[in-house]
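# Chains, contacts and geometry: an overview
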Amino acid sequence: MSHAVNSENPMSVLTEAARTVQQRAWAPYSKFRVGAALESTEGKVFTGCNVENASYPAGICAERGALASAIASGARAFVRVVIVSDADTPAPPCGMCRQALVEFAPALEVVSITTGGQTARWSLADLLPFPFTPSSLAHA
Ligand code: THU
């Protein structure tokens, strides 16, 4: 799903979108529901939630769900992602999601919010130093 960000207050649009999609998470095993809202450089918002599976490794994180939706819609570059979870402290994205996101947005702003409203911000560049990127394949 995508919609335009309100340029006057992009954070509130992204936070609301992440909160809404978090409610749709399928997390019967971990009971840890996550919502993510990814903003493209063109100002569109793409959302994803975690989708778990009885075969545990088949589950997917909220961030990669949002990214897949965005790429399928034709977006290719991103400004920020807002993540909402029920954790006590703001949860940073997992390693696999950091790697997935760095392919398209090395300077992504990562904002994580608890359902209680605590917020943390990082740069993806800080969360994933020395990333493996498309240029790492240059001599393959
Ligand atoms: N999860 C996410 O959706 N995003 C993250 O960045 C961390 C973890 C999900 C995966 C799994 O469904 C649940 O949270 C517990 O790990």
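Right above here is the structure, for reference.
Anyway, here's the lowdown on the structure attached to this text.

## Side note on the state of the cysteines
Scanning the entire structure with this criterion turns up zero disulfides. Free of any disulfide, Cys-61 has its nearest neighbouring cysteine sulfur in Cys-97, separated by 3.8 Å. By relative accessible area, which is 24% here, Cys-61 ends up partly exposed.

## A look at the site of the ligand
Near the ligand, the surroundings consist of Ser-30, Phe-32, Val-34, Asn-50, Glu-52, Cys-61, Ala-62, Glu-63, Pro-92, Pro-93 and Cys-94. Burial of the ligand by the protein amounts to 75% of the accessible area it has alone, namely 380 Å². Looking at the shell around the ligand residue by residue, the classes come out as seven nonpolar, two polar and two charged.

## Topic: the pairing of strand 3 (residues 44–49)
Counting buried positions along strand 3 gives five out of six residues, so the element sits mostly inside the fold. The loop that links strand 2 (residues 34–40) with its antiparallel partner strand 3 comprises three residues; one of these, Gly-43, has a positive phi angle of about 85 degrees.

## Concerning the side chain of Thr-15
Its location among the elements puts Thr-15 in helix 1 (residues 10–22). Judged by its relative accessible area of 14%, Thr-15 falls in the buried class. Reaching out from Thr-15, the side chain makes a polar contact with the backbone oxygen of Met-11 at a distance of 2.7 Å. Residues in contact with Thr-15, not counting those within four places in the same chain, are Val-82, Val-84 and Ile-113.

## Concerning the pattern of salt bridges
Applying the stated rule across the entire model yields four salt bridges. Here Asp-86 and Arg-33 are joined by a salt bridge, their closest N and O atoms 3.4 Å apart. One end of the pair, Asp-86, is in the loop between strand 4 (78–85) and helix 3 (95–102); the other, Arg-33, is in the loop between helix 1 and strand 2, with 53 residues separating them in the sequence. The class of Arg-33 is partly exposed, set by a relative accessible area of 28%.

Parameters at a glance
- Residues numbered from 1 in each chain as written.
- Predicted model: local features only at pLDDT ≥ 70, side-chain atom pairs only at ≥ 80, totals over all residues.
- Heavy atoms only, no water.
- Disulfide = S-S within 2.5 Å.
- Buried < 20%, exposed > 50% of the residue type's maximum accessible area, 1.4 Å probe, protein only.
- Near = heavy atom within 4 Å.
- Areas by Shrake-Rupley, 256 points an atom, 1.4 Å probe, with all protein chains shown as cover.
- Nonpolar A, V, L, I, M, F, W, Y, C, P; charged D, E, K, R; others polar.
- Helix = DSSP H or I, 4+ residues; strand = E, 2+ residues; numbered from the N terminus.
- Pairing = 2+ DSSP bridges.
- Polar contact = N/O pair within 3.5 Å; in protein donor to acceptor, adjacent residues only side chain to side chain.
- Contact = heavy atoms within 4.5 Å.
- Salt bridge = Lys/Arg side-chain N within 4 Å of Asp/Glu carboxyl O.

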